[in-house]
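Reading the structure
Each chain, letter by letter, is given below.
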Amino acid sequence: MHAPTRRRFHPLLPWICCCLFLGLARPAPGQDTSLWRSISDGLRQSIALKRQELSRIRQALPDEKEALDTALADVSSRLDQILLLRGVAGETPWAARSLLMQLRELTLAVDTACAALLDMRDALSRAKQEYAVVRQVREQNASREYADLVNEELAGPGRDFKELKGEVDATKAAVDTALSQADSLKADIETARQEEVERFITLFRQAYFDSSGSLLRLSNLSGMVDDGVQWLDAAPRFWRPVANWTIWERYLAAAVAYFLLGLGLVRLAARRWPALATGRWPSFVWLAAGLALFTARQTILFAGNQFTSLAWVVAVAWGVTGLLAGGPGLRTLLACFTATVALDAANVPASVAGAFLPVLAALAVWRLRRLGGRAVGCDMAVLVAAGVAGVLGYGPQGVAAVQALFMLHLALGVAGAVQRGLDARGTGGRGSLAGLVSPLAATLLATLYVAWVLVFLGGPGLMDYVFGLKFTIGRVTVSLDAVCGLLIGFFLLRLLQAWFTRLLGLVHLRGKPIDPGLAHTLGAVFSYLTWVLFLLFALHLFEVPLGALTWIASGLSVGIGFGLKDIVNNFVSGLIIMFGGAVKKGDIIQQGKNIGEVVDLSVRNTIMRTLDNTTVIIPNSSFLRGEIVNLSYQDATLRLAIPVTVAPGTKIKKVRKILVAIAKEHPGVLKKPAPEVLMNTIGRLGLEFILYVWIGNFMEKFQIQSELATAIDQQFQDNKILVAFQSVKVKYKPKGTEAMQLEALREELKQKRAAVFGKTRRLRRVHARRRWPVAPVAHGEEE
């Protein structure tokens with residue numbers, strides 16, 4: 001088979017462009033005809049090259065037609081064999097899936113066989129188009145003289161092109177006749193594929209939604225034995241043709257080449273990151289082997305069957321399990337996964353799979369029970385349920401549950417590895433890139449897991465079928481495909497906005513970084529535009545016609561006139577502020593009694609953080625209704641005024657020297673403009689001075705004021721300078737009403753009198769005893 005004709009840049013194209021240019025330029029009648037003669041000579045050379053190309057096509061056409069006929073005969077024969085194998089394959093989804101793989105390979109074989117003739121047809125079609133361009137140039141005329149000039153110079157090439165066109169038409173007709181046979185065969189293959197897809201869907205529903213009969217009944221158990229005997233007799237007759245269709249020499253050679261290439265890439269990666277391959281070489285070997293088998297299966301014709309699928313799936317599963325450092329529990333599930341995949345690849349009947357599944361589940365549960373653990377308990381429950389399902393006649397469902405369990409462990413392991421990698425590269429905070437990539441990665445992995453399970457169970461056709469299921473709510477069409485696309489698009493949009501913001505931080509204009517306020521405005525505009533595009537994308541995903549949104553627009557017009565006018569007012573005000581530049585992110589503004597820094601500026605409101613870390617949300621419309629005090633409109637510097645009053649008689653020069661020295665020594669005070677001290681007045685208390693200093697950040701205002709005041713007080717004490725203070729007389733005012741105060745005074749007076757009278761009584765008694773003593777009693781006389 002000859003190589004396909006190569007497409008190249010044809011030399012006729014420049015001459016045709018010149019002709020069109022001259023036709024549009026409309027030269028004067030008396031212009032020199034040398035240019036047209038050179039164009040005519042170029043056209044003749046191009047026609048000669050075309051004839052040579054046509055001669056080569058004619059020479060190669062018989063061989064290409066013969067090769068195409070041979071290839072189409074082989075494909076037609078194989079199509080008949082595939083149609084006959086339907087009765088031998090067995091009523092299992094995997095058998096129908098194998099036939100679908102072969103039908104897809106037949107379509108690729110027809111396309112490959114037609115490649116050379118398709119190139120020939122494209123070359124012949126281009127020659128006809130060039131002849132049409134020449135005719136168009138000859139028909140263009142601006143005056144009689146110009147038309148005569150063009151017809152005279154292009155008459156010869158026109159006749160040659162006309163003769164060439166007749167030969168091209170004859171050759172192209174022969175090519176089209178040969179390709180029509182291929183098109184007819186492709187139509188037959190597509191018809192067979194559609195029938196097989198319908199048969200596959202029927203078998204899939206029977207296998208996964210119907211019961212094959214409980215094995216607890218003796219009749220069903222006998223039927224299971226009959227199914228096994230029939231399978232042993234029919235399976236080899238299905239496997240042998242499928243295996244013979246595969247060109248194993250090419251397949252294995254391609255797999256070995258891809259395997260060596262994969263090992264080379266792993267070796268280079270290990271040199272760059274030594275910790276990557278430490279203790280993981282066996283896993284990388286398994287993974288490279290699986291990917292090599294998969295790539296060879298995709299590149300070699302007729303290599304797609306259940307045997308090659310089993311090989312690359314198991315190899316990749318072993319490799320990923322090793323890379324994830326899965327323990328004995330994951331390896332046990334891997335063994336169960338391999339056994340169930342072998343059941344599917346062997347087209348085992350549902351009843352036989354149901355009988356095998358309890359044994360496999362019992363062995364796996366025994367192994368996992370020895371390991372223990374909470375997660376192992378969940379796995380044991382799924383395995384026990386799968387074994388019970390097999391006994392009850394739901395063997396395919398149990399097999400699918402075991403496979404989905406292992407795939408879930410792999411998906412969670414990969415998700416954990418991705419999350420650890422993101423945490424290692426960033427803080428993982430809410431605003432970091434790692435925090436934005438994390439939900440996107442989780443959504444992608446969840447979508448890929450669902451797609452993987454569907455593809456593994458029923459092939460790409462089942463995935464397209466499930467993702468294409470739709471239901472309608474009003475005029476909105478909801479499908480799994482649309483929901484997944486919406487979630488992935490949302491997280492991609494957030495990530496794109498974050499990347500754009502980071503990119504603005506790296507942009508330099510004239511050697512200087514871009515202004516933060518301008519960067520914030522550009523980022524906000526980009527964010528709003530992308531959100532609008534995302535809204536249109538969401539409407540497209542859910543098939544919502546834009547005409548259905550007219551009632552929303554009419555409702556908004558009424559709402560804007562009544563209840564939404566404030567929102568619209570804030571929106572328009574935000575646009576004016578953002579593009580006007582009066583307020584930017586990072587500015588220090590004063591709104592009423594609040595002074596702070598603008599931390600965010602949107603089309604609805606402005607967020608300001610005050611000095612005490614209080615967040616103030618200001619509607620944008622309030623800026624347009626009143627004045628805007630922007631303390632950092634020109635620059636971020638700010639002048640502080642610190643009043644100082646000293647006692648009368650203090651030396652003025654000494655005070656100024658001390659204040660200027662303190663200001664210059666402070667690290668937060670700017671050198672330019674230099675600090676200065678002005679004597680304000682001679683007041684009632686003493687000499688009043690004002691220290692003016694400039695600072696670079698308004699947020700440090702109170703801290704610098706405090707530090708300067710402390711330093712001034714310390715220096716004044718060291719230099720014995722008195723600070724003037726105004727004396728204040730403090731008078732205590734009792735609490736309560738006037739009556740309550742009088743009552744309290746009476747009570748207090750009573751207590752004082754009682755205390756005084758008590759002391760007076762004791763003194764009187766003592767005085768009376770000393771002045772009038774009592775005579776002693778004579779005890780003898782009394783007796």
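Computed from a predicted structure; not experimentally measured. (Residues numbered from 1 in each chain as written. Predicted model: local features only at pLDDT ≥ 70, side-chain atom pairs only at ≥ 80, totals over all residues. Heavy atoms only, no water.)

Our next topic: the overall build of the protein chain. Within the protein chain, the regular secondary structure consists of 23 helices and twelve strands. Relative to its full complement of 783 residues, the protein chain shows a buried share of 37%. Relative to all contacts within the protein chain whose residues are 6 or more apart in sequence, the contacts with residues 24 or more apart total 73%. For the protein chain, the computed accessible surface area is about 46300 Å², with 61% contributed by carbon and sulfur atoms. (Helix = DSSP H or I, 4+ residues; strand = E, 2+ residues; numbered from the N terminus. Buried < 20%, exposed > 50% of the residue type's maximum accessible area, 1.4 Å probe, protein only. Contact = heavy atoms within 4.5 Å. Areas by Shrake-Rupley, 256 points an atom, 1.4 Å probe, with all protein chains shown as cover.)

With four bridges connecting them, strand β1 (residues 470-473) and strand β2 (residues 476-479) associate as antiparallel partners. Along β2, the bridge assignment pairs F471 with V478. What sits between β1 and β2 in their antiparallel hairpin is a turn of two residues, with G474 showing a positive phi close to 65°. (Pairing = 2+ DSSP bridges.)

It is worth spelling out unusual backbone geometry at this point. Of note, the amide linkage connecting K672 to P673 takes the cis form, showing an omega dihedral of -5°. Its identity as a non-glycine residue notwithstanding, F302 has a phi of 60°, on the positive side. Within the secondary structure, F302 is located in the loop between α8 (281-299) and α9 (306-323). Residue class for F302 comes out buried when judged on its relative accessible area of 11%. Non-glycine residue N347 carries a positive phi angle of around 55°. With respect to the secondary-structure elements, N347 resides in the loop between α10 (328-345) and α11 (350-371). Take N347: its relative accessible area is 6%, and that puts it in the buried class.

As for its placement among the helices and strands, L265 is situated in helix α7 (residues 248-272). A residue is classified by how much of its surface remains accessible, and L265, at 53% relative accessible area, is exposed. When the C-alpha positions of L265 and A288 are compared, they lie 9.6 Å apart, and in sequence the two are 23 residues distant.

Further remarks concern the sheet that holds strand β11 (residues 676-682). Taken in spatial order, the three strands make up an open sheet running β10-β12-β11, and their pairing is antiparallel. Every interior strand has two partners, whereas the edge strands, β10 (638-646) and β11, have only one. The sheet shows a mean angle of 25° between the axes of neighbouring strands, taken without regard to direction. Pairing between β10 and strand β12 (residues 687-695): nine bridges, direction antiparallel. Counted as the bridge partner of V646 is L687 from β12. Relative to the sheet, helix α20 (residues 652-665) contacts β10, β11 and β12, its axis offset from that of β12 by approximately 20°. Contacting β10 and β12, helix α21 (residues 701-718) crosses the sheet at an angle of about 30° to β10. (Axes fitted to C-alpha atoms, helices over the stretch in contact; angles between N-to-C directions.)

In this section: α11. The end-to-end C-alpha separation of α11 is 31 Å, in line with the 32 Å expected for 22 residues at 1.5 Å each. Among the residues of α11, those classed as buried are S351, V352, A353, G354, L357, L360, A361, A364, V365 and L368. (Expected span 1.5 Å × (residues − 1).)

The next thing to look at is the packing of aromatic side chains. With the rule as written, the count across this model stands at ten aromatic pairs. On the numbers, 6.4 Å between centres and 85° between planes, the contact of W239 with F307 is edge-to-face. Here the residue W239 occupies a position in helix α6 (residues 218-245), and F307 occupies one in helix α9, the gap between them amounting to 68 residues. Judged by its relative accessible area of 24%, W239 is partly exposed. With centroids separated by 5.8 Å and ring planes inclined at 85°, the aromatic side chains of W531 and F534 adopt a geometry described as edge-to-face. Here the residue W531 and the residue F534 both occupy positions in helix α16 (residues 516-541), the gap between them amounting to three residues, near one helical turn. What makes W531 partly exposed here is its relative accessible area of 31%. Note on F534: relative accessible area 16%, which makes it buried. (Phe/Tyr/Trp six-rings, centres within 6.5 Å; stacked < 30°, edge-to-face > 60°.)

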